[in-house]
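# Structural characterization, general
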Amino acid sequence: MKILHIDSNHDLMIEQLTELGYENHTDYTSSKEEIEAKIHGYDGCIIRSRFTIDRQFLDKATNLKFIGRVGAGLENIDCDYAEEKGIVLLSAPEGNRNAVGEHTLGMLLSLFNKLNKADKEVRAGKWLREENRGIELDGKTVGLIGYGNMGKAFAKKLRGFDVEVLCYDIKPNVGDENCTQVSLEELQEKTDVLSLHTPQTALTINMVNSEFITNFKKRFWLLNTARGKSVVTKDLVSALEAGKILGAGLDVLEYEKKSFENLFTEKEMPEAFQYLIQSEKVMLSPHVAGWTIESKELLAQTIVNKIKNRFS
C-alpha cells in the first residue's frame, strides 16, 4: 500500500510505517490541485490541516482506503462523503489530550493570578502588589461543555483542587469520578469557570453568543481550547465590557484560519479582535494547547497504531 503524507509529522511515523511494509511518499508543498492530480495513486493519506478534504478531492481519490488526521478533529474532512466511499477516517484525540488539559489549567491559573499583567509591570519597573491580588481556584465550580478526550483530561488535572466539576454533553452517561454530568441549565446556574471542549459541528458554531452568556446565573471566566468558531467574539467582548465574563483564556479564535500555523494576520483587524489583544482580562495563545513536544510524538504514534491495527 502507498501512503501520501501531505503534512510533516514526527519522524517515527514514516519510519514505523516503512517497517510495516508501506511505501511512503511526502509532498508538503504542492497545491491542493496538484495533490488531487495524483491522489488516485495512493491507498492512504496522512494530513494535519493544510487544506480541506472535500468532495472534489475525494472524487479524485479513487483508490483511497484511509485518511489519517494527525490531530483531534475531523472538521477539515467531508466525513459523510468519505464514509459513503468506504474510506476509513482515523484521528488521534488521545495523542494531545494531556497537553490540552495542562494548557487549559495553566491559562486558568494565570488569569486568576494576573501573571501576564504582573510580569509586564515588573519588567517595566512597577511593583504593584494590591493591583495584582489574585483569586484562588479552590471553592469554585468548573463547568465543562463537551466531555470527551479533552474534557476528561482537564477534569483529571483539576483533581488536586477543592472544586466542583460539572459537565454538559449531548451524549448521555459520560460523567465519571472526576466530573458530574448535568443539564445545560444546571451548569449555567452553578458555573464560575466555563471551559469548552467540543468539536466543530453545526451545533457548536456560534454556540457562545449573547443569549448563551446571559443564561449564566453568575459572572464567570471563559476558557476555550477547542474551536474558535464556537465563540462569537463580539458577544464575548460585550460580556467582558459589561463584567458578565470576568476574563477569558483563548487558545483559538473565531478569525483563525484552518491551519494551526496561520492565525489571523490581516491588516484590517475586526474591532472585537482589537479589544482582545489589548485587554488585560484576556490571555491568548496561537492554537498550541495540544502542541507539545510530547504530543507531537504521541499523535504520530497513535495514527501509526490505528493504521497497523486496522490494515496490517
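Residues numbered from 1 in each chain as written. Predicted model: local features only at pLDDT ≥ 70, side-chain atom pairs only at ≥ 80, totals over all residues. Heavy atoms only, no water.

### Some thoughts on the side chain of Gln188
- Summarising the element assignment, Gln188 is placed in helix α8 (residues 184-190).
- On the accessibility criterion, Gln188 (6% relative accessible area) is buried.
- Ignoring any residue separated from it by four or fewer positions in sequence, one finds Gln188 in contact with Phe212, Asn215, Phe216 and Lys217. (Helix = DSSP H or I, 4+ residues; strand = E, 2+ residues; numbered from the N terminus. Buried < 20%, exposed > 50% of the residue type's maximum accessible area, 1.4 Å probe, protein only. Contact = heavy atoms within 4.5 Å.)

### Thoughts on the pattern of salt bridges
- Under the criterion given, the structure shown has 15 salt bridges.
- Notably, a salt bridge pairs Asp78 with Arg55, separated by 3.8 Å at the nearest N-O pair. Of this pair, Asp78 sits in the loop between β4 (66-69) and α4 (79-84) while Arg55 is found in helix α3 (residues 55-60), placing the two residues 23 residues apart along the sequence.
- With a relative accessible area of 44%, Arg55 lands in the partly exposed category. (Salt bridge = Lys/Arg side-chain N within 4 Å of Asp/Glu carboxyl O.)

### Describing the nonpolar core
- Counting 28 residues, the largest nonpolar core has Leu194, Leu196, Phe212, Leu222, Leu236, Ile245 and Leu276 as the members making the most contacts within it.
- Going through the elements one at a time, β9 (193-196), α9 (210-214), β10 (220-224), α10 (233-242), β11 (245-250) and α11 (271-278) are the ones with two or more residues in this core.
- Broken down by element, the residue count for this core peaks at 4 residues, all from α10.
- In terms of nonpolar packing, the next biggest core, distinct from the first, is built from 21 residues, Met107, Phe112, Val165 and Leu223 among them. (Core = buried A, V, L, I, M, F, W, Y, C linked by side-chain atoms within 4.5 Å.)

### Side note on the environment of Phe311
- For Phe311, the location among the structural elements is in helix α12 (residues 293-311).
- Look at Phe311 and you get partly exposed, because its relative accessible area is 25%.
- C-alpha of Phe311 to C-alpha of Tyr22: the two residues are 289 residues apart in sequence and 11 Å apart in space.
- Those residues within four positions of Phe311 in sequence are excluded, and the remaining contacts are Tyr22, Lys65, Phe66 and Val88.

### Focus: the packing of aromatic side chains
- Summed over all chains, the structure comprises 6 aromatic pairs.
- Linked through ring pairs, Phe212, Phe216 and Phe220 together constitute an aromatic cluster.
- Above the plane of the ring of Tyr42 lies Lys2, whose end atom (NZ or CZ) is 5.0 Å from the centre.
- Its guanidinium or amino end placed over the ring of Tyr81, Arg55 lies 4.0 Å from that ring's centre, counting from NZ or CZ. (Phe/Tyr/Trp six-rings, centres within 6.5 Å; stacked < 30°, edge-to-face > 60°. Lys NZ or Arg CZ within 6 Å of the ring centre and 35° of its normal.)

### Observations concerning the packing of helix α5 (residues 93-112) against helix α7 (residues 149-157)
- Their axes nearest at 8 Å, the elements α5 and α7 cross at an angle of 50°. It follows that α5 is oblique to α7 by the angle criterion. By crossing handedness, the relation of α5 to α7 is classed as right-handed. Facing Pro93, Glu94, Asn96, Arg97, Asn98, Val100, Gly101, Glu102, Thr104, Leu105 and Leu108 of α5, the residues of α7 in contact are Asn149, Met150, Ala153, Phe154 and Lys157.
- Of the residues contributing to the contact of α5 with α7, the split by class is 7 nonpolar, 5 polar and 4 charged. (Axes fitted to C-alpha atoms, helices over the stretch in contact; angles between N-to-C directions. Parallel < 35°, antiparallel > 145°, perpendicular 65-115°, else oblique. Left-handed = near helix turned anticlockwise from the far one by under 90°. Nonpolar A, V, L, I, M, F, W, Y, C, P; charged D, E, K, R; others polar.)

### So, the sheet that holds strand β3 (residues 44-47)
- If you walk across this open sheet you meet the 5 strands as β2-β1-β3-β4-β5, and the pairing is parallel. Taken across any chain shown, the strands that pair with only one partner, and hence form the sheet edges, are β2 (23-26) and β5 (88-90). Neighbour-to-neighbour, the strand axes of this sheet turn through a mean angle of 20°, independent of strand direction.
- Pairing of β4 with β5, which is carried by 3 bridges, proceeds in the parallel orientation. From the neighbouring strand, Gly68 faces β5, where its bridge partner is Leu90. (Pairing = 2+ DSSP bridges.)

### Things to note about unusual backbone geometry
- The phi angle at Lys114 is positive, at roughly 50°, despite the residue not being glycine.
- Assignment of secondary structure puts Lys114 in the loop between α5 and α6 (115-123).

### Overview of the sheet that holds strand β8 (residues 180-181)
- What the 7 strands build is an open sheet, ordered β8-β7-β6-β9-β10-β11-β12; its pairing is parallel. One side of each edge strand has no neighbouring strand; the edge strands of this open sheet are β8 and β12 (282-284).
- Sheet analysis places strand β6 (residues 141-145) next to β9, joined by 4 bridges and oriented parallel. Among the inter-strand pairings, Gly143 is bridged to a residue of β9, identified as Leu194.
- Across the sheet, α5 is in contact with β9, β10, β11 and β12; its angle to β10 comes to roughly 145°.
- Contacts from α10 reach β10, β11 and β12 within the one sheet, and its direction differs from that of β11 by about 140°.

Read these as spatial facts, not as claims about activity.
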